[in-house]
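# Close look at the chain arrangement
What follows is each chain in one-letter form.
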Amino acid sequence: MTVKKGVLFIAVLLTLQPAFSQDKITEPKITLKWAPTGLVLGGISLQGEYGFQKKSSLTAKIGVPIKRKYSATYDGNDADLDIKAFSFLAGFRHYLSRQLLKGFYIEPFFTYAHHSSSGTGFGTLDSRQVMMDFSNDYNGTGVGVQLGSQFIIRKKFVIDLFFFGPQVTSSTNNFKAVDSRNTLPWNDIEAADAEKSIREFIDQFPFIRNKVDVKVDKSNRIVTADFKGALIGIRFGVSFGVAL
């Protein structure tokens, strides 16, 4: 190579270096996202992701509790519940594509969730009008594997589709219903009616129905339904955000 050609080659490299540097700087390594599906359970779901290798990233999600209304049915009548949820998820993603934070991925994850709800329902026990005060408390810790695909549009806008995430969760659930209007103990017929109505009420919630231990306290007019064990579920949804 002649001196003239060598100088020309170096000049071309110096000209292109800012472009290469700019591409490297602007290549996104962080995403911040929001999942609207969290609102269904009473939480604002915020997600973050950090790409530390070409095909790998660390993810974290936190669900900030907010109170929302949920409608159910008790003894043939509408029952209004207030629900809210806190959740946390940490995962490790491995992308199958060669692009950073883009394409199909596999993500083993750990998750924790706490759901609480309260409300009232109206019905009858042995032809007597009653108002039942409901409260429910759920805690679950689990692990799973998420399959999904992430898209980054114009290096800025992010769409994350997590469409199949089987998980197993160690869960506890404590439900209580109290006859708050009356002071006299339940008789045998009222106690049987209360247990039947609560079992039908719990059947509306597919994850714990037919798995709870229902107990009736006739003296204090209380029905409890507790569950402790493993639950199997599927995680799915979509989130939207920005890449940084």
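Right above here is the structure, for reference.
Predicted model, so just to flag it, every value in this text is computed and none were measured.

Across its full length, the protein chain carries two helices and ten strands. Ordered by position from the N terminus, the helices and strands of the protein chain form the series α-β-β-β-β-β-β-β-β-α-β-β. When the 244 residues of the protein chain are sorted by exposure, 38% land in the buried category. Taking the intrachain contacts of the protein chain between residues at least 6 apart in sequence as the baseline, contacts between residues at least 24 apart amount to 65%. In the form shown here, the protein chain has an accessible surface area of approximately 14,100 Å², with 63% of it arising from carbon and sulfur atoms.

Below, the discussion takes up the packing of aromatic side chains. A full pass over the atoms with the stated rule returns nine aromatic pairs. Each ring, one from Tyr 74 and one from Phe 134, has its centre 5.3 Å from the other, and the planes form 70°; the classification is edge-to-face. A residue pair is termed long-range when its members are at least 10 positions apart, and Tyr 74 in strand E4 (residues 68–74) and Phe 134 in strand E7 (residues 128–153) qualify at 60 residues. On the basis of relative accessibility, which here comes to 5%, the residue Phe 134 falls in the buried class. When the ring of Tyr 74 is compared with that of Phe 201, the centres are 6.2 Å apart and the planes differ by 80°; the resulting orientation is edge-to-face. Of this pair, Tyr 74 sits in strand E4 while Phe 201 sits in helix H2 (residues 188–202); the two residues are 127 residues apart in sequence, bridging distant segments of the chain. By the burial criterion, Tyr 74 is buried, and Phe 201 matches it. Site record: aromatic cluster; members linked through ring pairs are Tyr 74, Phe 134, Phe 175 and Phe 201.

Across its 15 residues, H2 extends 21 Å between first and last C-alpha, which sits within 8% of the 21 Å expected from 1.5 Å per residue. Along H2, the positions that sit buried rather than exposed are Glu 190, Ala 191, Ala 194, Ser 197, Ile 198, Phe 201 and Ile 202. Projection of H2 onto a plane perpendicular to its axis shows the buried side chains occupying an angular sector of 130°, all on one side. Looking at where H2 begins, the residue whose side-chain oxygen comes 3.0 Å from the main-chain nitrogen of Ile 189 is Asn 187.

To continue, consider unusual backbone geometry. Non-glycine residue Asp 126 carries a positive phi angle of around 55°. Mapped onto the secondary structure, Asp 126 falls in the loop between strand E6 (103–125) and E7. The phi dihedral of Ser 127 falls on the positive side, at around 70°, and the residue is not glycine.

What follows is about the environment of Gly 42. Position of Gly 42 among the secondary structure elements: in the loop between strand E1 (30–35) and strand E2 (43–51). When its relative accessible area of 0% is taken as the criterion, Gly 42 is described as buried. Sequence-distant contacts of Gly 42, defined by excluding residues within four places in its chain, comprise Val 64, Pro 65, Ile 66, Arg 68, Ile 83, Lys 84 and Ala 85.

What follows deals with the pairing of strand E3 (residues 56–65). Strand direction decides the pairing type here: E2 and E3, joined by nine bridges, are antiparallel. Along E3, the bridge assignment pairs Gly 51 with Ser 57. In textbook terms, the turn of a hairpin is the stretch between consecutive antiparallel strands, and for E2 and E3 this stretch comprises four residues. Examined bridge by bridge, E3 and strand E5 (residues 77–95) share eight bridges and lie antiparallel to one another. Looking at the pairing, Thr 59 lines up with Gly 91 of E5.

Procedures and definitions
- Residues numbered from 1 in each chain as written.
- Predicted model: local features only at pLDDT ≥ 70, side-chain atom pairs only at ≥ 80, totals over all residues.
- Heavy atoms only, no water.
- Helix = DSSP H or I, 4+ residues; strand = E, 2+ residues; numbered from the N terminus.
- Buried < 20%, exposed > 50% of the residue type's maximum accessible area, 1.4 Å probe, protein only.
- Contact = heavy atoms within 4.5 Å.
- Areas by Shrake-Rupley, 256 points an atom, 1.4 Å probe, with all protein chains shown as cover.
- Phe/Tyr/Trp six-rings, centres within 6.5 Å; stacked < 30°, edge-to-face > 60°.
- Expected span 1.5 Å × (residues − 1).
- Arc of directions from axis to C-beta.
- Polar contact = N/O pair within 3.5 Å; in protein donor to acceptor, adjacent residues only side chain to side chain.
- Pairing = 2+ DSSP bridges.

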